Amino acid sequence: MSSSKTKKFALSCILALLPVMAACSNTNGEKQDQGTGTTAPTASAPATEETGNTNGKFDPPVTVTTIRAVDAASMLYDDETMDKNAIYDAYEKDFGIKIKNNWVVDNKEYNNKLKVSIASNDLPDFFKVTREDLPQLIESDMVMDLTDVYEKYASEKTKKLLTADSGKQMKSATFDGKLMAIPRTNSPFNSSQFVWLRKDWLKEMNLPEPKTVQDLLTISQAFATRDSGGKGKVFGLGLDKDSIGYPSGFLNGYHAYPQQWVKDSSGKLVYGSIQPEVKTALKQLQDLYKAGQIDPEAAVNDNSKVVELIANNRLGMLFNQFWYSAAMQEAVVKDGKVTQEWGVYTIPSVDNEPAMTQVSAGVSEYYVLNKNAKYPEAVFKLLNQWVEVLTGGQLKEDSPLAVYANGKALKDVGKVASYEVNPFTVLFQDLYVQGGAEIMKALQTNDTSAIDFSGDLLNRYNQLKQFQSGDTSVWYQVGIAGEGGAFERMYEYFRQNRYHYDEFFGAATPTMAERGDLLKTKEQETFTKIITGSASIDEFDKFVTDWKKLGGDKITEEVNDWYATMK
Amino acid sequence: MAVKMSSGYRLFSMINTCFLLLLGVACILPLLHILALSFSSASAVTAGEVTFWPVDWTTAAYENVFGKKEYLVAFWVSIQRVVIGVSINMLLTILIAYPLSKENSQFPGRTLYAWYFVFTMLFSGGLIPWYMTIKATGLLDTIWALVIPSAVPIFNVIVLLNFFRGLPKELEESAKLDGAGPFTVLWRIFVPLSMPSIATLLLFAIVGHWNSWFDGLILANHTENYPLQSFLQTIIIKLDPAYLTPRDAELHALVNNRTSRAAQIFIAALPILMVYPFLQRYFVKGIVLGSVKE
Amino acid sequence: MVSAIRKYWPFHLMILPGFLLVLVYSYGPMAGLVIAFKKFMPSKGIWGSPWLGMDNFNFVMSLPDTSQVIRNTIIIALMKMVVGLIVPITIAILLNEVRKAAFKRTVQTLIYLPHFLSWIILGGILIDILSPSQGIVNKLLGLFGFDPIFFLGDNRWFRFTLVFSDVWKEFGFSTIVYLAALTSINPVLYEAAEIDGANRWRQTWHVTLPGMLPIIVLLGTLSLGNVLNAGFDQVFNLYSVPVYETGDIIDTYVYRIGIEKAQYGIATAVGLFKSVVSFIFISLSYFLAYRFANYRIF
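Residues numbered from 1 in each chain as written. Chains lettered and ligands numbered in written order. Predicted model: local features only at pLDDT ≥ 70, side-chain atom pairs only at ≥ 80, totals over all residues. Heavy atoms only, no water.

- As recorded by an unreviewed UniProt entry, chain C carries the name ABC transporter permease and is attributed to Paenibacillus mendelii.
- In its Subcellular location (unreviewed entry) section, the UniProt record describing chain C reads: "Cell membrane".
- Quoted verbatim from the Sequence similarities (unreviewed entry) field of the UniProt record, the comment on chain C reads "Belongs to the binding-protein-dependent transport system permease family." (UniProt positions renumbered as here; feature names shortened; annotations may be inferred.)

- An unreviewed UniProt entry lists chain A under the name Extracellular solute-binding protein, with Paenibacillus mendelii as the source organism.

Right, dumping it as structure tokens:
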């Protein structure tokens, strides 16, 4: 493992821990404490903007508008709503900021509703927007240039958190040198792919752990010969209608990176899906399909069918992300008993070169401010306060931050997912990698100090404890954060420098916006047809030609232009 | 009804009965399946073991649904919507269909009006202008947004005007001779005589309002104003995995509860199942009138 | 003119409320159709956005699969229209022959049930029952010695599966209209036919069908308005890559390649194109019926 990486990681751990120490040394004096984050930068702000703003609090209070999404699974108390709740009240009381929701819809409808709001030019002061919708807002000149206000109003702690990855994610929000949005920073590592594998079968059949692609193929072949006990044919490798057109985990084993922009030998960016390694890997999948090791109905079925296969002991291996055990919970735990044993492995490689897992440095969500927002300072206060909460760990009831983290109850009762109610939230960029490094250690030593900074990790720690004491309803957490679980593998990728980043992390280029989805649908169609054998492997070459002709060449050009500006 | 029936016809009757019975069964199966899911355990559902009979009987899903405030609130919004919306629909349907059922000679301009309405079945300005209009008229986020823009169900108007045409002209003529105006003729003669078709359209209007979900999602600004089907839509729709952060994917994998979903779908279909037989009286009665003369 | 209005004022008055509502909520938004010829920019609004002429239409026509999806759309829509017309008429007549009122009512209720389930739900159920390995339909076919058929994954079968399942979901709906039409047939006509010695078949042919004809023509004509609507919800929930070739329709294609995402100009252009085609078909049948049968459909 490279030592510079380790250092960087250690540093980020320390940075993350700092606020815990700060919070410990400063339990009373809530106003001053929250003030420190903002007073320094605001002191240099022009006086006109400071009127009515004393000691970090707006007096008289100001109103900022936003729009919200809620999850159908309720995290609020019966007498609370997204419009009126303890957290919103606290912002008003502590900062003199009244938050008004122009609308609140279900999570799944947020983007549809937002599109309508954008199209009818009816936007609030600040709001969350997807990567796809951001360029349109900028092109239509509807959002504020944040370059200066960010400098002025974001607290040091906020800036540190947002640029913890040396600023890549922030850069993705920069257009023509201007900061147009605040990325909802998130962990790129979370999208790593893993091999999920029936460990009990492995032992029973005396098979090797998947170190190489060859091992993986052996396992697939062996699993496919199993008897499900009358439930139907057993398959070697699980795919569904989405993953069959984008089998990124399997392809990564061949050093192929579909839908990513990769650097070629000449230093130019090229599109991963049209490289020769992809062809080799697809050919292999086609062979597996022909050999009956992949469900012949995979191209039609969605993931719930894959889970059904698992439940019926008809499938023991697949590629997916860290959370997949959560999807398998009902299939594996029956009548309170754990019926199957699953292991998580990093992607095996086809040769001596270790396989990397592809992740994107890009962010999927951004916060933007309306061009006409009156109080950008107030909006940044919301962000600064959130950063305090995020880095504040599991908060005691008497902490002034407790209400922001836990809502009305002031303590974690599993009701308020604080990052769903706070209006302006960003996330750690490497939280689960840290989890992989620390949770199991904490579990063995009963010393949680290394994960105290994050309520999320502590919650997983507690669930592992619960499982140890016999509660199988949290079985899934073992696969995620337990021993040999996904987090540890994530950390393993990290230590071994096995993350393969998308070299392109800007906003969609013009041709990408126009043709991107068309090309992607062609690609998925071709891959699916090749794997299911309805097209020969030579179809791949035709796809490459088509891709270039239908706009791919143009996009490549644009992407390389962008790349030149990033150097 | 002592009727002489040929043996051929008797055979036909038997086959017919069997055929319709099979057809009815084929149509009830999906709902039975959902009902079975809603009373089964989650692990049985996940394993695909449930077809038409519950496995590991449990009523947990229903307890879950009835404990949900959002569901009950949405149910109430839907009931309001149906009552208000259907009243407006029916009133306007009848009022428009009657003049349009006249001949050109009786009401010059009826053809122009008919095209005026039919045209809107085919052309629409699209989502954004529609939304902006509703916003501009101040209906947004109120129950009226769900009933006023769809106040005139053109399809129903066209169907009813065809039924009105089929009524005997003599009745109207004699009423007119008695000095009755068009409004009286409509309410006293046309409406009572068209009960079977009006009951049909009433059913369509109820079902239309009960089932529509898209307008609720776009026009309500707060989830507590969602009608039931909009609320259900947010539960049953699948998220495109491409737009899901892995963290959110984890949350969704954990709350993906198919049994509770099934229970909610079933309860949402219940009110219509109860209204239907009630309305059916009207058209069955009509049919008996028509076929009693053997 | 004035006297004409005075004479017919009650009729105008009856129409007035509906007329105004339609004016505001249907014709008002139609102004937005100009977006089809513009590059829509939200900050500039509908009127301020720059003109593009026919560019949006040309863009759609230049897409590689446009001709195939239009062909699929028309084939699927036409099949649905024809089968969707014949089946409910047949069922209505068959139901009419049933004497036991309770049985008739029950069947009538049952056939309407699938209409209440959305395609998201029915899609999941169909994938289950049509599965070639586990599905009940193929197990039944197996009893008769047939090889399993991959209804949802085989291009030879996919369109039939779409048509069949669509009719299964919706035929109860139109059957009810036809049943209502049957009630309005004057019983005297049947008596007369019987006196003439007509048996049930002849009665059906000479009395029942002609009695239903206006409604049949009406529903048939109105369904022409769907000649380019092959059913987005259904196809979207049932199709997959292997059957794009026969099952991909305009709406799903437009959705998949991301036009709906934000390119309102193009989306509106597609909608306008569909509307114009439907309008031509409906007008044509309206005028043909008027010309040759002297009958106004509506």
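1. Brief notes about the overall build of chain C
- Broken down by element type, chain C carries 15 helices and 0 strands.
- Structurally, chain C occupies a C-alpha span of about 75 × 70 × 35 Å along its principal axes.
- Going through the 298 residues of chain C one by one, you find that 55% of them count as buried.
- A fraction of 64% describes how many contacts in chain C between residues 6 or more apart in sequence connect residues 24 or more apart.
- Carbon and sulfur atoms form 69% of the exposed surface of chain C, whose accessible area is close to 13,200 Å². (Helix = DSSP H or I, 4+ residues; strand = E, 2+ residues; numbered from the N terminus. Buried < 20%, exposed > 50% of the residue type's maximum accessible area, 1.4 Å probe, protein only. Contact = heavy atoms within 4.5 Å. Areas by Shrake-Rupley, 256 points an atom, 1.4 Å probe, with all protein chains shown as cover.)

2. Some thoughts on the pattern of salt bridges
- Tallying each qualifying case throughout the model produces 34 salt bridges over all chains.
- Here Lys102(B) and Glu172(B) are joined by a salt bridge, their closest N and O atoms 2.9 Å apart. One end of the pair, Lys102(B), is in the loop between helix H4 (69-100) and helix H5 (110-122); the other, Glu172(B), is in helix H9 (residues 169-177), and 70 residues separate them in sequence. Comparing Lys102(B) with Glu172(B) shows no difference in burial state: the two are buried.
- As a salt-bridge pair, Asp251(C) and Lys274(C) come within 2.7 Å of each other at their nearest N and O atoms. Taken together, the residues span a long stretch of sequence, with Asp251(C) in helix H13 (residues 250-256) and Lys274(C) in helix H15 (residues 264-293) at a distance of 23 residues. (Salt bridge = Lys/Arg side-chain N within 4 Å of Asp/Glu carboxyl O.)

3. Description of a nonpolar patch on the surface
- Together, Leu91(B), Phe183(B), Trp187(B), Trp9(C), Leu13(C), Leu16(C), Leu20(C), Leu23(C) and Val24(C) make up a nonpolar patch on the protein surface, roughly 790 Å² of accessible area in all.
- The set of elements that each furnish at least two residues to the nonpolar patch consists of helix H10 (182-193) of chain B together with helix H1 (2-30) of chain C.
- The dominant element in the nonpolar patch, judged by the number of residues it contributes, is H1(C), at 6 residues.
- Assignment of secondary structure puts Leu20(C) in helix H1. (Patch = residues over 30% accessible without salt bridge, like charges linked within 9 Å, V, L, I, M, F, W, Y side chains within 5 Å.)

4. Comments concerning the packing of helix H1 (residues 7-38) of chain B against helix H6 (residues 119-129) of chain C
- Their axes nearest at 11 Å, the elements H1(B) and H6(C) cross at an angle of 90 degrees. Classified by the angle their axes make, H1(B) and H6(C) are roughly perpendicular. Contacts between H1(B) and H6(C) pair Pro30(B), His33(B) and Ile34(B) from the former with Ile121(C), Leu122(C) and Ile125(C) from the latter.
- Of the residues assigned to the contact of H1(B) with H6(C), the class counts are 5 nonpolar, 1 polar and no charged. (Axes fitted to C-alpha atoms, helices over the stretch in contact; angles between N-to-C directions. Parallel < 35°, antiparallel > 145°, perpendicular 65-115°, else oblique. Nonpolar A, V, L, I, M, F, W, Y, C, P; charged D, E, K, R; others polar.)

5. A short note on H5(B)
All names here are of chain B.
- The end-to-end C-alpha distance of H5 is 19 Å, a good match for the 18 Å that 13 residues give at a rise of 1.5 Å each.
- Taking burial as the measure, the 13 residues of H5 include 10 buried ones, the bulk of the element.
- Among the residues making up H5, those that are buried are Arg110, Thr111, Tyr113, Ala114, Trp115, Tyr116, Phe117, Val118, Thr120 and Leu122. (Expected span 1.5 Å × (residues − 1).)

6. A short note on the state of the cysteines
All names here are of chain B.
- Throughout the structure, instances matching the rule amount to 0 disulfides over all chains.
- With no disulfide of its own, Cys18 has Cys27 as its nearest cysteine by sulfur position, at a separation of 16 Å.
- Overall, Cys18 belongs to the partly exposed group, its relative accessible area being 48%.
- Since its relative accessible area comes to 1%, Cys27 is described here as buried. (Disulfide = S-S within 2.5 Å.)

7. A few points about the interface of chain C and chain B
- Taken together, the contact between chain C and chain B spans 87 residues of the former and 94 residues of the latter.
- Each partner contributes to the roughly 8,500 Å² buried at the junction of chain C and chain B, and carbon and sulfur atoms together form 76% of this total.
- Three residues, Met14(C), Tyr25(C) and Phe298(C), lead the burial of chain C against chain B; their summed loss comes to 10% of the area buried on that side.
- Linking chain C to chain B there are 0 salt bridges.
- Our enumeration of links across chain C and chain B arrives at 14 residue pairs in polar contact (both at pLDDT 80 or more). (Buried area = accessible area lost by both parts, 1.4 Å probe. Polar contact = N/O pair within 3.5 Å; in protein donor to acceptor, adjacent residues only side chain to side chain.)

8. Section: the pairing of strand E4 (residues 97-106) of chain A
Residues and elements named next belong to chain A.
- Extensive coverage of E4 is indicated by the burial of 7 of its 10 residues.
- Pairing analysis gives 9 bridges linking strand E3 (residues 62-70) to E4, with the strands arranged parallel. Bridging across to E4, Val70 finds its partner in Asp106. (Pairing = 2+ DSSP bridges.)

9. Focus: the sheet that holds strand E12 (residues 317-320) of chain A
Residue and element names in this part refer to chain A.
- Taken in spatial order, the 3 strands line up as E12-E9-E15 in an open sheet, and their pairing is antiparallel. The sheet is open, and its two borders are formed by E12 and strand E15 (342-345), each paired with just one other strand. Within the sheet, the average angular offset between the axes of one strand and its neighbour, ignoring direction, is 25 degrees.
- By the bridge criterion, 4 bridges tie strand E9 (residues 194-198) to E15 in an arrangement that is antiparallel. Bridge assignment links Arg198 to a residue of E15, and that residue is Trp342.

10. Concerning the packing of aromatic side chains
- Summed over the entire model, instances satisfying the criterion amount to 69 aromatic pairs over all chains.
- On the numbers, 5.2 Å between centres and 70 degrees between planes, the contact of Trp115(B) with Phe298(C) is edge-to-face. Residue Trp115(B) is found in helix H5, and its partner Phe298(C) is found in the segment after H15; the two belong to separate chains. Residues Trp115(B) and Phe298(C) agree in their burial class; the two are buried.
- The ring of Tyr110(A) carries the charged tip of Lys128(A) above its face, separated from the ring centre by 5.8 Å.
- Directly above the ring of Trp51(C) sits Lys38(C), whose terminal nitrogen or CZ lies 4.5 Å from the centroid. (Phe/Tyr/Trp six-rings, centres within 6.5 Å; stacked < 30°, edge-to-face > 60°. Lys NZ or Arg CZ within 6 Å of the ring centre and 35° of its normal.)

11. Notes on the domain arrangement of chain C
Residue and element names in this part refer to chain C.
- Assigned domains within chain C: domain 1 (1-53) and domain 2 (63-293).
- If you look at where domain 1 meets domain 2, you find 0 residue pairs in polar contact (both at pLDDT 80 or more).
- Looking at the side of domain 1 that touches domain 2 residue by residue, the class counts come to 5 nonpolar, 1 polar and 1 charged. (Domains from an automatic or database assignment.)

12. Overview of the interface of chain A and chain B
- Contact with chain A, which involves 49 residues of that partner, is made by 41 residues of chain B.
- Summing both sides of the interface, chain A and chain B together bury roughly 3,700 Å²; the carbon and sulfur share of this comes to 57%.
- Joining chain A to chain B, the criterion identifies 1 salt bridge.
- The interface formed by chain A and chain B contains 9 residue pairs in polar contact (both at pLDDT 80 or more).
- For the side of chain A that touches chain B, the secondary structure elements donating two or more residues are E4, helix H4 (110-119), helix H13 (303-311), helix H14 (324-332), strand E13 (333-334), helix H17 (418-421), helix H19 (455-468) and helix H20 (476-481) of chain A.
- A per-element tally of the side of chain A that touches chain B places E4(A) first, with 6 residues.
- Residue composition of the side of chain A that touches chain B, by class: 20 nonpolar, 11 polar and 18 charged.

13. Section: the side chain of Thr66(A)
- Mapped onto the elements of the fold, Thr66(A) is located in strand E3.
- Beyond its immediate chain neighbours, meaning those up to four positions away, Thr66(A) contacts Tyr88(A), Ile99(A), Lys100(A), Asn101(A), Asn102(A), Trp103(A), Pro124(A), Phe126(A) and Phe127(A).

14. Section: the sheet that holds strand E8 (residues 182-183) of chain A
- What the 3 strands build is an open sheet, ordered E5-E17-E8 (chain A); its pairing is antiparallel. Of all the strands in the sheet, just strand E5 (126-130) and E8 of chain A have a single pairing partner and so form its edges.

15. Looking at unusual backbone geometry
- In this structure, the amide linkage connecting Asp59(A) to the following residue, Pro60(A), adopts the cis form with an omega of 0 degrees.
- Turning to its location among the elements, Pro60(A) is positioned in the loop between strand E2 (57-58) and E3.
- Although it is not a glycine, Asp335(A) sits at a positive phi angle of roughly 50 degrees.
- Despite not being glycine, Asn294(C) has its phi angle at roughly 50 degrees, a positive value.
- Structurally, Asn294(C) is set in the segment after H15.

16. A short note on the environment of Ile15(B)
Residues and elements named next belong to chain B.
- With respect to the element layout, Ile15 can be found in helix H1.
- Residue Ile15 is classed as exposed on the basis of its relative accessible area of 51%.
- Residues Ile15 and Met132, 117 residues apart in the sequence, show an inter-C-alpha distance of 56 Å.

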